[in-house]
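Chain by chain, the residues run as shown.
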Amino acid sequence: MTSNDPLDFLSSNSSGKSPSSSEADLIQILLYEIIRVKELIAYYNSIPNGGGQLGAAILSELVAEAYTSLVDYDVVLMKKYYDLLQNCD
(Lines give C-alpha, C1' and ligand atoms only; values in the text may rest on other atoms or scores of the structure.)
Protein backbone atom coordinates (compact mmCIF):
# COMPACT_ATOMS: atom_id res chain seq x y z
CA MET A 1 0.00 0.00 0.00
CA THR A 2 1.40 3.40 -0.94
CA SER A 3 1.16 6.43 1.28
CA ASN A 4 -0.37 9.73 0.16
CA ASP A 5 2.01 11.61 2.43
CA PRO A 6 4.09 13.99 0.26
CA LEU A 7 6.80 14.01 2.94
CA ASP A 8 7.06 10.26 3.39
CA PHE A 9 10.69 10.40 2.25
CA LEU A 10 11.65 12.13 5.52
CA SER A 11 10.79 9.13 7.66
CA SER A 12 12.30 6.62 5.24
CA ASN A 13 15.60 8.40 4.68
CA SER A 14 18.24 5.74 4.13
CA SER A 15 21.28 8.04 4.01
CA GLY A 16 23.68 8.07 6.90
CA LYS A 17 23.48 11.86 7.17
CA SER A 18 20.08 12.43 8.66
CA PRO A 19 19.29 15.36 10.93
CA SER A 20 18.54 14.75 14.57
CA SER A 21 14.98 13.80 15.46
CA SER A 22 13.93 17.25 16.68
CA GLU A 23 15.45 18.93 13.61
CA ALA A 24 13.77 16.42 11.30
CA ASP A 25 10.49 17.07 13.08
CA LEU A 26 10.88 20.83 12.57
CA ILE A 27 11.72 20.33 8.91
CA GLN A 28 8.73 18.06 8.42
CA ILE A 29 6.19 20.29 10.15
CA LEU A 30 7.53 23.35 8.32
CA LEU A 31 7.16 21.54 5.00
CA TYR A 32 3.59 20.58 5.90
CA GLU A 33 2.81 24.22 6.70
CA ILE A 34 4.36 25.31 3.40
CA ILE A 35 2.14 22.83 1.55
CA ARG A 36 -0.92 24.04 3.46
CA VAL A 37 -0.17 27.71 2.77
CA LYS A 38 0.46 27.00 -0.91
CA GLU A 39 -3.08 25.63 -1.04
CA LEU A 40 -4.26 28.89 0.55
CA ILE A 41 -2.35 30.85 -2.10
CA ALA A 42 -4.21 28.92 -4.81
CA TYR A 43 -7.49 29.79 -3.05
CA TYR A 44 -6.61 33.49 -2.83
CA ASN A 45 -5.59 33.51 -6.49
CA SER A 46 -8.98 32.04 -7.42
CA ILE A 47 -10.93 34.94 -5.90
CA PRO A 48 -12.63 36.84 -8.76
CA ASN A 49 -11.57 40.32 -9.86
CA GLY A 50 -8.14 40.01 -8.22
CA GLY A 51 -9.64 40.26 -4.75
CA GLY A 52 -7.08 37.89 -3.28
CA GLN A 53 -3.94 39.10 -5.04
CA LEU A 54 -2.55 40.97 -2.04
CA GLY A 55 -3.09 38.00 0.28
CA ALA A 56 -1.57 35.62 -2.26
CA ALA A 57 1.47 37.89 -2.70
CA ILE A 58 2.07 38.15 1.05
CA LEU A 59 1.72 34.41 1.56
CA SER A 60 3.97 33.69 -1.45
CA GLU A 61 6.69 35.85 0.10
CA LEU A 62 6.39 34.00 3.41
CA VAL A 63 6.63 30.65 1.64
CA ALA A 64 9.71 31.78 -0.31
CA GLU A 65 11.41 32.91 2.89
CA ALA A 66 10.48 29.66 4.63
CA TYR A 67 12.06 27.71 1.75
CA THR A 68 15.19 29.82 2.11
CA SER A 69 15.40 28.98 5.82
CA LEU A 70 15.25 25.29 4.87
CA VAL A 71 17.91 25.62 2.19
CA ASP A 72 20.19 27.55 4.55
CA TYR A 73 19.39 25.05 7.33
CA ASP A 74 18.77 27.96 9.71
CA VAL A 75 16.89 26.35 12.58
CA VAL A 76 16.02 29.68 14.20
CA LEU A 77 14.45 30.99 10.99
CA MET A 78 12.71 27.66 10.36
CA LYS A 79 10.99 27.97 13.75
CA LYS A 80 10.09 31.61 13.01
CA TYR A 81 8.54 30.80 9.64
CA TYR A 82 6.76 27.76 11.04
CA ASP A 83 5.11 30.00 13.63
CA LEU A 84 4.23 32.60 10.99
CA LEU A 85 2.83 30.09 8.50
CA GLN A 86 0.86 28.32 11.20
CA ASN A 87 -1.17 31.51 11.73
CA CYS A 88 -2.00 32.00 8.03
CA ASP A 89 -5.57 31.47 6.99
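Residues numbered from 1 in each chain as written. Predicted model: local features only at pLDDT ≥ 70, side-chain atom pairs only at ≥ 80, totals over all residues. Heavy atoms only, no water.

**Comments concerning helix α3 (residues 53-71)**
Moving on, step 1. Between its first and last C-alpha atoms α3 spans 27 Å; for 19 residues at 1.5 Å apiece the expected length is 27 Å, and the two agree.
Moving on, step 2. Ala56, Leu59, Leu62, Val63, Ala66, Ser69 and Leu70 are the residues of α3 that are buried. For α3, the buried positions fall inside an angular range of 145° around the axis, keeping them on one side. In this structure, α3 carries Gln53, Leu54 and Val71 as exposed residues pointing more than 90 degrees from its buried face.
Moving on, step 3. One or two residues past the end of α3 sits Tyr73, with phi positive at roughly 50°. (Helix = DSSP H or I, 4+ residues; strand = E, 2+ residues; numbered from the N terminus. Expected span 1.5 Å × (residues − 1). Buried < 20%, exposed > 50% of the residue type's maximum accessible area, 1.4 Å probe, protein only. Arc of directions from axis to C-beta.)

**A closer look at the confidence of the model for the chain**
Moving on, step 1. When the pLDDT values of the chain are averaged, the result is 84; 74% of them are 70 or greater.
Moving on, step 2. Taken together, the stretch residues 13-18 has pLDDT below 50 and engages in 1 contact with residues farther than four places along the chain or on a different chain. (pLDDT = per-residue confidence, 0-100. Contact = heavy atoms within 4.5 Å.)

**Some remarks on the environment of Val63**
Moving on, step 1. With respect to the helices and strands, the residue Val63 is situated in helix α3.
Moving on, step 2. The exposure class assigned to Val63 is buried, which follows from its relative accessible area of 5%.
Moving on, step 3. When the C-alpha atoms of Val63 and Leu31 are compared, they prove to be 9.7 Å apart, with 32 residues separating the residues in sequence.
Moving on, step 4. Non-local contacts of Val63, meaning those with residues more than four positions away in its chain, are made with Ile34, Val37, Lys38, Ile41 and Leu85.

**A few points about unusual backbone geometry**
Moving on, step 1. Residue Asn49 is not a glycine yet carries a positive backbone phi of 60°.
Moving on, step 2. Tracing the sequence through the fold places Asn49 in the loop between α2 (21-45) and α3.
Moving on, step 3. Residues other than glycine seldom take positive phi values, yet Tyr73 does so here, at roughly 50°.
Moving on, step 4. Considering the arrangement of structural elements, one finds Tyr73 in the loop between α3 and α4 (75-86).

**A closer look at the side chain of Ser69**
Moving on, step 1. With respect to the helices, strands and loops of the structure, Ser69 is situated in helix α3.
Moving on, step 2. At 2.6 Å, the side chain of Ser69 and the backbone oxygen of Ala66 are in polar contact.
Moving on, step 3. Those residues in contact with Ser69 that sit more than four places away from it in its chain are Leu30, Asp74, Leu77, Met78 and Tyr81. (Polar contact = N/O pair within 3.5 Å; in protein donor to acceptor, adjacent residues only side chain to side chain.)

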